[in-house]
Amino acid sequence: MVDGNLMPHKPALLAATIAITIIGPSKLPVKSLPSILTVSRHRIKAALLFLKHENHLYRDVVISDSNLVLLPEHGAPEDLLSIVKFSDEQHLLEKERAGYVVGDEDEIEDG
């Protein structure tokens with residue numbers, strides 16, 4: 001399903017491997033989705049180029065222009081918008097937070 005070191009992955013693959021649930025008191029129209037779902041193909045390419053040169057784990061990544069073209073210039077990929085679910089179950093936020101494990105980089109220093 002994943003094509004070796006080819007990046008970015010196709011939006012359809014992302015939609016098949018992640019879930020997006022927005023928890024809030026009311027269902028928002030799709031056009032009001034948070035900016036966190038917004039991508040820019042140019043910024044993704046720039047980030048991949050940076051990682052290729054600065055992070056040895058990305059050294060062998062092959063940047064796919066044909067996959068980049070599938071991403072919007074600036075906006076949310078349609079494949080991701082199609083999987084967004086909404087929930088008004090606020091208790092799910094606490095359940096999600098309860099499963100979060102603080103790492104060394106997340107620790108807050110006491111004053």
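Attention in this report is confined to the structure presented alongside it. (Residues numbered from 1 in each chain as written. Predicted model: local features only at pLDDT ≥ 70, side-chain atom pairs only at ≥ 80, totals over all residues. Heavy atoms only, no water.)

This part covers the layout of surface pockets. Taken as a whole, the largest pocket encloses approximately 160 Å³ of empty space. Looking at the largest pocket, the residues that line it are Met7, Pro8, His9, Leu14, Val39, Ile44, Leu48, Leu71, Pro77 and Leu80. Class assignment of the residues belonging to the lining of the largest pocket gives a composition of 9 nonpolar, 1 polar and no charged. (1 Å grid on protein atoms, 1.4 Å probe; cavity = no way out; pocket = protein on both sides within 12 Å on 5 of 7 lines; lining within 4 Å. Points joined across faces, edges and corners; volume = space filled by probe spheres on them. Nonpolar A, V, L, I, M, F, W, Y, C, P; charged D, E, K, R; others polar.)

Examined against the element boundaries, Asn67 turns out to sit in helix H3 (residues 65–68). Apart from residues lying up to four places away in sequence, Asn67 is in contact with Leu6, Pro8, His9 and Lys10. (Helix = DSSP H or I, 4+ residues; strand = E, 2+ residues; numbered from the N terminus. Contact = heavy atoms within 4.5 Å.)

Bringing the pattern of salt bridges into the picture now. Summed over the entire model, instances satisfying the criterion amount to 2 salt bridges. The partner of Arg41 in a salt bridge is Glu73, and the shortest N-O contact between them spans 2.9 Å. Note that Arg41 is positioned in helix H2 (residues 41–54) and Glu73 in the loop between H3 and helix H4 (78–81), a separation of 32 residues in sequence. The partner of Lys45 in a salt bridge is Asp65, and the shortest N-O contact between them spans 3.3 Å. Separated by 20 residues along the polypeptide, Lys45 in helix H2 and Asp65 in helix H3 bring together distant segments of the chain. (Salt bridge = Lys/Arg side-chain N within 4 Å of Asp/Glu carboxyl O.)

This brings us to the pairing of strand S2 (residues 20–23). Here S2 shows one buried face, formed by Ile20 and Ile22, and one open face, formed by Thr21 and Ile23. In terms of strand pairing, S2 meets strand S4 (residues 84–87) through 4 bridges, oriented parallel. If you follow Thr21 over to S4, its bridge partner there is Lys85. (Buried < 20%, exposed > 50% of the residue type's maximum accessible area, 1.4 Å probe, protein only. Pairing = 2+ DSSP bridges.)

The next subject is the environment of Asn55. Note that Asn55 resides in the loop between H2 and strand S3 (62–63). A relative accessible area of 24% means that Asn55 is categorised as partly exposed. Side-chain polar atoms of Asn55 contact the backbone nitrogen of Leu57, separated by 2.8 Å. (Polar contact = N/O pair within 3.5 Å; in protein donor to acceptor, adjacent residues only side chain to side chain.)

Quick look at the nonpolar core now. Counting residues in each nonpolar core, the largest one holds 7 residues, listed as Ala15, Ile20, Ile22, Leu37, Leu80, Leu81 and Val84. Residue assignment for this core shows that the elements contributing at least two residues are S2 and H4. In this structure, Leu48, Ile63, Leu68 and Leu71 belong to the second largest nonpolar core, which totals 5 residues. (Core = buried A, V, L, I, M, F, W, Y, C linked by side-chain atoms within 4.5 Å.)

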